[in-house]
Amino acid sequence: VTKQYMDYAHTVQKQIHAAGFYVDVETSQRTLNKMVRETQLMQYNFILVVGAKEEENGTVTIRTRDNEVRPDAVLVAVAQSRPRLLCSAIGGCCR
C-alpha cells in the first residue's frame, strides 16, 4: 500500500477485522510486486490489494494463495461473510 492509500487500507482492515478475520496491512515502501510475492511466501490465504480504483469504488482486489485475481470485490460483502461464504463470493477458492 502506498502512503496515498494507507487510510483506505486501514478502513478495510478495521471492517474485515470487525467481521472476525485476521488482517495485516503492509506498510513498507517496497514495490507492489515485492509485497505480493512476500505475502505469498508467508502463505496468507488472501491478499487484498487497494489503490485509487478500489478506494473510489469502495472495493478491494482479492488475490488468492494460488495467485488467482478477483478484482472489484465489494468490501461490505467481504467483511460480512463467513470464511466459506467468502470463498464462494470470490470464486470457490476454498477446497
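Predicted model only: the values in this text are computed from it and were never measured.

Conventions we followed
- Residues numbered from 1 in each chain as written.
- Predicted model: local features only at pLDDT ≥ 70, side-chain atom pairs only at ≥ 80, totals over all residues.
- Heavy atoms only, no water.
- Helix = DSSP H or I, 4+ residues; strand = E, 2+ residues; numbered from the N terminus.
- Expected span 1.5 Å × (residues − 1).
- Buried < 20%, exposed > 50% of the residue type's maximum accessible area, 1.4 Å probe, protein only.
- Arc of directions from axis to C-beta.
- Pairing = 2+ DSSP bridges.
- Axes fitted to C-alpha atoms, helices over the stretch in contact; angles between N-to-C directions.
- Contact = heavy atoms within 4.5 Å.

Trainee: What am I meant to see in helix 1 (residues 6–18) here?
Mentor: The α-helix winds at 3.6 residues per turn, so residues separated by three or four positions along the chain end up facing the same way. End to end, helix 1 covers 18 Å across 13 residues, agreeing with the expected 18 Å (1.5 Å per residue, within 8%). Within helix 1, the full set of buried residues consists of Met6, Tyr8, Ala9, Val12 and Ile16. The buried residues of helix 1 occupy an angular sector of 160° when the element is viewed end-on, so they sit on one face. In helix 1, the exposed positions angled more than 90 degrees off the buried face are occupied by Asp7, Lys14, His17 and Ala18. One or two residues past the end of helix 1 sits Gly20, with phi positive at roughly 100°.

Trainee: Hey, could you run me through the sheet that holds strand 1 (residues 46–49) in this one?
Mentor: The pairing of strands in a sheet happens through backbone hydrogen bonds and is either parallel or antiparallel. The sheet built from three strands is open, its strands ordered 1-2-3 with antiparallel pairing. The open sheet is flanked by strand 1 and strand 3 (69–74), the only strands paired with a single partner. Pairs of neighbouring strands in the sheet enclose a mean axial angle of 30°, with direction left out of account. Relative to strand 3, strand 2 (residues 59–64) is paired through four bridges, and the arrangement is antiparallel. Residue Thr59 lies in a different strand from strand 3, and its bridge partner there is Val74.

Trainee: I'm lost on helix 2 (residues 32–41) in this one. Help?
Mentor: Taken together, the buried positions of helix 2 are occupied by Met35, Val36, Thr39 and Gln40. All buried residues of helix 2 lie within an arc of 135° about the axis, which places them on one face of the element. Exposed positions of helix 2 whose direction lies more than 90 degrees from the buried face are Asn33, Lys34 and Leu41. Against the buried residues of helix 2 lie strand 1 and strand 2. Once helix 2 ends, the next one or two residues include Gln43, with phi positive near 70°.

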